[in-house]
Amino acid sequence: MCGIAGYIGKKEGLPIVFGTLRKLEYRGYDSAGVAYFVKRRKSGVKGVKVVKTVGKLDNLEQAIFDKKSSLAAAAIGHTRWATHGPPNEINAHPHWDCKKEIFLVHNGIIENYKELKEELLKAGHHFRSQTDTEVAVHLIEEYGFEKALKKIVGAYAFAIIYRKEPNKIYFARLGSPLVVGVGQEEYYLASDPTALAGLVKRVIYLKDGQRGVLSLGGFKIGPTRPKVEPLDIDPEQARKGDFPHFMLKEIFEGPEVVRSALRGRLFPERNLVKLGGLESAADKLKKIRRLEIISCGTSYYSGLAGELLFEELSELPAEIHLASEYRYRKDPTQKRAACVFISQSGETADTLAALKKAGSRGYLTLGVVNAVGSSIARATEAGVYNHAGPEIGVASTKAFLSQLSVLALMSLFLSKNKKSKTAKEVMRELSAIPGKIKLILAQSDKIKELAKKYLKYKNFLYLGRGYNYPTALEGALKIKEIAYVHAEGYAGGEMKHGPIALVDKNFPIVAIVTQNGVYEKMISNLEEIKARGGPILAIATVGDKNIGKLADDVFYVPKTVRQLEPMLNVVPLQLFAYYFGALKGYDVDKPRNLAKSVTVE
Ligand code: AGP
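As the structure is a computational prediction, the values presented were derived from the model and not from experiment. (Residues numbered from 1 in each chain as written. Predicted model: local features only at pLDDT ≥ 70, side-chain atom pairs only at ≥ 80, totals over all residues. Heavy atoms only, no water.)

Draft legend 1. Up close: the environment of I433. Along the polypeptide, I433 turns up in helix α15 (residues 421–441). Residues contacting I433, with those up to four places away along its chain left out, are V258, T560, L564, M567 and L568. (Helix = DSSP H or I, 4+ residues; strand = E, 2+ residues; numbered from the N terminus. Contact = heavy atoms within 4.5 Å.)

Here is the structure:
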């Protein structure tokens, strides 16, 4: 996902915009650039300068600061994650028009760029790049800002400067996030509010269709009235603290993240769950007879666990769907269904598209979202925020725990009998989960040793049953993402239907064999694997005296109710993936080819 930054005010614009781009680095990018008004100390603003580089931001920093860089008044900047045209300097943003009067950066995709480009070529425009973005700046040159926007089909967040208007930055948002930072006689633009943490205390989360202009005297936004809101992201949260990587910091935030999700919502002593964000849909929820859960990636795996939670605790049939598949199906959603959209970023294009489809068919749409004010949060009728704080690491870790916490709360909230033995047990145990995660984190060195021991392997199979099947899937995804190792998550019962053919001494199995209703079945799996010489790393329950006879290595986790096991059992798997990638020397916060928020389809 691309990153956009902008600044206009009394300070030097370039360092501020560059610093904002630094904070957007985690989103993944392959090139970057800035455009700024050159300011002379005596004679004032003198034209626009553009600098673009390929690769890491260090290259851009070298290019704009090492030379005697001109002072900058208003400035815009961009980190590009290539969608149209390879990563190179020409395709990097900003792009400009034929006369070099208009300079534009963009996040999103212009779906009809080919036909627009044809139209502009016929009108005599000439293009330098292969990007869809460059079409936008020529469109503005040909038709003007407002009319050009109307001709675009797709998603955009634009920041634009005009050579002839030195103290203005124009912007527009449709489908891709863009936030205005409101300072004291200074204004910012960023693709993500976390990049403004520490710079401003008030922001405007632009809504789709909103556009306007920032100037030294203030801002104008239309066509709908902008809402200035507090930015409650503590800068500290957006920094690593004393951890080497955001990913490790965020794994260690697990206990606090679960507490934040439960705070003010879970009251076991009163058999009560309060979810203010669902109150507005309370009447409709009473009529719901089915839940469709729709999401991607890690959020899909938390949704898979959610499917079991809703069926067991709410006694509602539930079905999980991959958002990227749901949107192409005829109409899988049953009547009297509510659709639950799970998304950490709240900007995932596939999930948003599925949401628009479900919404257009009149289903009640609910969100489980971390990013306040994000597109999915705004587009759903009601929902529950995770309150997990910014997740900077590209691989989702704390968000997964938070999603499981919220889904457990929702399944209890929708339960018809909160006084049942099971509901009471789950409520009580939910409160104890943060302390149990802490016990696991205290043994992180043991997991680091296990990662070292298994570092030589190139393939893994992660096995689990019941609530631990989604855990196995998520564990496998983590090591794929972070250590670029091939790993498959599989239902234990499926081993005999094929994958067991893979097992030999070079094919380790990570098996979740905690003591629950499927323990004996998992033990049988291990016996079959052992007989074929496969190395076994087991996640087992503290006090299990049996597992050590079968597994080559065991990591013990505290006992909990089966409904909440994923919240504990995933933690050693997250750490295992983290240490695996870190020991290989990979960039665990920004893994290759990945973006934090996949806003392209
Ligand atoms: C998680 O580790 C991945 N980076 C990715 O699968 C992610 O979960 C997926 O893209 C969905 O993102 P969302 O939760 O922001 O919608």
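After presenting the structure, the write-up continues.
Draft legend 2. Fine view of the nonpolar core. Within the largest apolar cluster, 90 residues are counted, with the highest numbers of intra-cluster contacts made by M410, F460, Y462, I479 and F576. Sort the elements by how many residues they give to this core and helix α19 (residues 565–583) lands first, with 11 residues. Setting aside anything within four residues of it in sequence, one finds I479 in contact with F460, Y462, Y484, V485, A487, F576, A577 and F580. (Core = buried A, V, L, I, M, F, W, Y, C linked by side-chain atoms within 4.5 Å. Buried < 20%, exposed > 50% of the residue type's maximum accessible area, 1.4 Å probe, protein only.)

Draft legend 3. Examining the site of the ligand more closely. In the vicinity of the ligand, 14 residues are found, and the nearest of them are S299, S343, S345, T348 and E481. One of the side-chain nitrogen or oxygen atoms of S343 is found 2.6 Å away from an oxygen atom of the ligand. Contacts to the ligand include S345, whose side-chain N or O atom sits 2.7 Å from an oxygen atom. Against a free-state accessible area of 410 Å², the protein chains account for coverage of 91% of the ligand. (Near = heavy atom within 4 Å. Polar contact = N/O pair within 3.5 Å; in protein donor to acceptor, adjacent residues only side chain to side chain. Areas by Shrake-Rupley, 256 points an atom, 1.4 Å probe, with all protein chains shown as cover.)

Draft legend 4. Structural detail: the UniProt feature "domain: SIS" (unreviewed entry) in the protein chain. UniProt records the feature "domain: SIS" (unreviewed entry) at residues 281–420 and 450–591, using the numbering of this structure. Each end of residues 281–420 is marked by a C-alpha atom, and these two atoms are 24 Å apart; helix forms 44% of the span and strand 20%. (UniProt positions renumbered as here; feature names shortened; annotations may be inferred.)

Draft legend 5. Seen up close, the pairing of strand β13 (residues 218–222). Strand direction decides the pairing type here: strand β12 (residues 211–215) and β13, joined by five bridges, are antiparallel. Within β13, the position partnered with S215 by the bridge is G218. Once β12 ends, the chain turns through two residues before running back antiparallel as β13. (Pairing = 2+ DSSP bridges.)

Draft legend 6. Representation of helix α17 (residues 468–483). Compared with an ideal rise of 1.5 Å per residue, which puts 16 residues at 22 Å, α17 spans 22 Å between its outermost C-alpha atoms and is within 8% of the ideal. Counting buried positions along α17 gives 14 out of 16 residues, so the element sits mostly inside the fold. Of the residues one or two after α17, Y484 is the one with positive phi, at around 55°. (Expected span 1.5 Å × (residues − 1).)

Draft legend 7. Representation of the packing of aromatic side chains in the model. Applying the stated criterion across every chain, the model contains 18 aromatic pairs. Ring geometry for Y457 against F460: centres 6.3 Å apart, planes inclined by 80°, an arrangement best described as edge-to-face. Judged by relative accessible area, Y457 falls into the buried class, the value being 12%. When its relative accessible area of 1% is taken as the criterion, F460 is described as buried. Grouped by ring-pair contacts, the aromatic residues Y454, Y457, F460, Y462, F576 and F580 constitute a single cluster. Over the ring of F127 we find K117, and its NZ or CZ is 4.9 Å from the ring centre. The ring of Y326 has K357 lying over it, and the distance from NZ or CZ to the ring centre is 5.5 Å. (Phe/Tyr/Trp six-rings, centres within 6.5 Å; stacked < 30°, edge-to-face > 60°. Lys NZ or Arg CZ within 6 Å of the ring centre and 35° of its normal.)

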